[in-house]
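An overview of the molecular structure
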Amino acid sequence: GAGVSQSPSNKVTEKGKDVELRCDPISGHTALYWYRQSLGQGLEFLIYFQGNSAPDKSGLPSDRFSAERTGGSVSTLTIQRTQQEDSAVYLCASSLGSGPYEQYFGPGTRLTVT
Amino acid sequence: GQQVMQIPQYQHVQEGEDFTTYCNSSTTLSNIQWYKQRPGGHPVFLIQLVKSGEVKKQKRLTFQFGEAKKNSSLHITATQTTDVGTYFCAGPYENTGNQFYFGTGTSLTVIP
C-alpha cells in the first residue's frame, strides 16, 4: 500500500508570507506526528494527533505555527509570517496508534524562507 | 535544548570494523525506538525496545535498553557500506504524554 506522502516536496517563500504543508498518512493510522529537522540536526517534535482527541501541541515553537487534521486523516501544518529560522525540512509520520508503535515517515517538505 | 544525547556525533570506520552509538536520556523513557536516516532520506524504523534491560538482535545489529530505561545502545558488527547513514534513538518520556524525543543522532561513514 501507499506510504506517507507530503506535499509540496520543496517550498521557497519570502519572509513574512504564510505557508501550508500537507501530510497524507497511511490509511488506518490513527496517530500522526509533525517534526522539524534543520540541516544536519536531529528531529524536533512539533505536534501529535491521535484519533479524535485534542492534539498535543506542546512542541510548537511559537503561535505562528498551527496544525489541523481533518476527518482523522489528512493534516496541514501552517506557518504564518514565516521567518528565515523556519527554514528546515518538515517531516510527517504516522503510526497505528499511540504508544509503542513504529512511526512511518513521509519524504518531508523542504522549506526555504528567503 | 536536547535532552536525549547520542555519542559520538560522527564516526568513520573502515568496512568490516564494528560500530557503536550510545543514547542517553535525562529522563526515564517509556520505550525506545531506533531509526536510520540515509543521506537525503527520511528516518526509517529499525527496532523498538520496551522492557528494562532488553536486548534485541537483527542480523549484525544488536540493540540494548538500559536497566534504568535512560540509556540505550546500537552496535553494528562488521560494518558494510550499506550501513552508512545517521542513526537516531527516540522515545517518549514516562508519564509525560505523546512527545517523541529524538536523540541528536550519530552519523556513520563506512570507508570501503
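Remember, it's a predicted structure, so these values are computed and weren't measured experimentally. (Residues numbered from 1 in each chain as written. Chains lettered and ligands numbered in written order. Predicted model: local features only at pLDDT ≥ 70, side-chain atom pairs only at ≥ 80, totals over all residues. Heavy atoms only, no water.)

1. Topic: the overall build of chain A
A count of helical and extended segments in chain A gives zero helices and 10 strands. Secondary structure of chain A in N-to-C order comes out as β-β-β-β-β-β-β-β-β-β. Taken against the 2.2 N^0.38 rule, which gives 13 Å for 114 residues, the C-alpha radius of gyration of chain A at 13 Å falls within 12% of a compact globule. Once the C-alpha set of chain A is aligned to its principal axes, its extents read approximately 35 × 25 × 25 Å. For chain A, restricting intrachain contacts to residue pairs at least 6 apart in sequence, the fraction spanning at least 24 positions comes to 55%. Taken as a whole, chain A presents about 5,400 Å² of accessible surface, with 45% of it coming from carbon and sulfur. Between the mean site of the 10 positive side-chain charges and the mean site of the 11 negative ones, chain A shows a separation of 4 Å. (Helix = DSSP H or I, 4+ residues; strand = E, 2+ residues; numbered from the N terminus. Rg over C-alpha atoms; globule rule 2.2 N^0.38 Å. Contact = heavy atoms within 4.5 Å. Areas by Shrake-Rupley, 256 points an atom, 1.4 Å probe, with all protein chains shown as cover. Lys, Arg positive; Asp, Glu negative; His and termini not counted. Charge placed at Lys NZ, Arg CZ, Asp CG, Glu CD.)

2. Quick look at the environment of Glu 67 of chain B
Residue and element names in this part refer to chain B. Within the fold, Glu 67 resides in the loop between strand S7 (61–65) and strand S8 (71–76). With relative accessibility at 65%, the residue Glu 67 sits in the exposed group. In this structure Glu 67 touches Ser 52 and Gly 53, once residues within four positions along its chain are discounted. (Buried < 20%, exposed > 50% of the residue type's maximum accessible area, 1.4 Å probe, protein only.)

3. Section: the pattern of salt bridges
A full pass over the atoms with the stated rule returns seven salt bridges over all chains. For Glu 54 of chain B, the salt bridge is made with Lys 56 of chain B, and the minimal N-O distance between the two is 3.8 Å. (Salt bridge = Lys/Arg side-chain N within 4 Å of Asp/Glu carboxyl O.)

4. Section: the pairing of strand S4 (residues 31–37) of chain A
Residue and element names in this part refer to chain A. Within S4, seven of the seven residues are buried, which leaves it mostly tucked inside the rest of the structure. Residues Ala 31, Tyr 33, Tyr 35 and Gln 37 line one face of S4 and the alternating positions Leu 32, Trp 34 and Arg 36 line the opposite face, and both faces are buried. Two elements, S4 and strand S5 (residues 43–50), share seven bridges in a ladder whose sense is antiparallel. Bridging across to S5, Gln 37 finds its partner in Leu 43. In this antiparallel pair of consecutive strands, S4 and S5, the connection spans five residues, and Gly 40 shows a positive phi of 70 degrees. When S4 meets strand S8 (residues 88–95), the two strands line up antiparallel, connected through seven bridges. Along S8, the bridge assignment pairs Trp 34 with Cys 92. (Pairing = 2+ DSSP bridges.)

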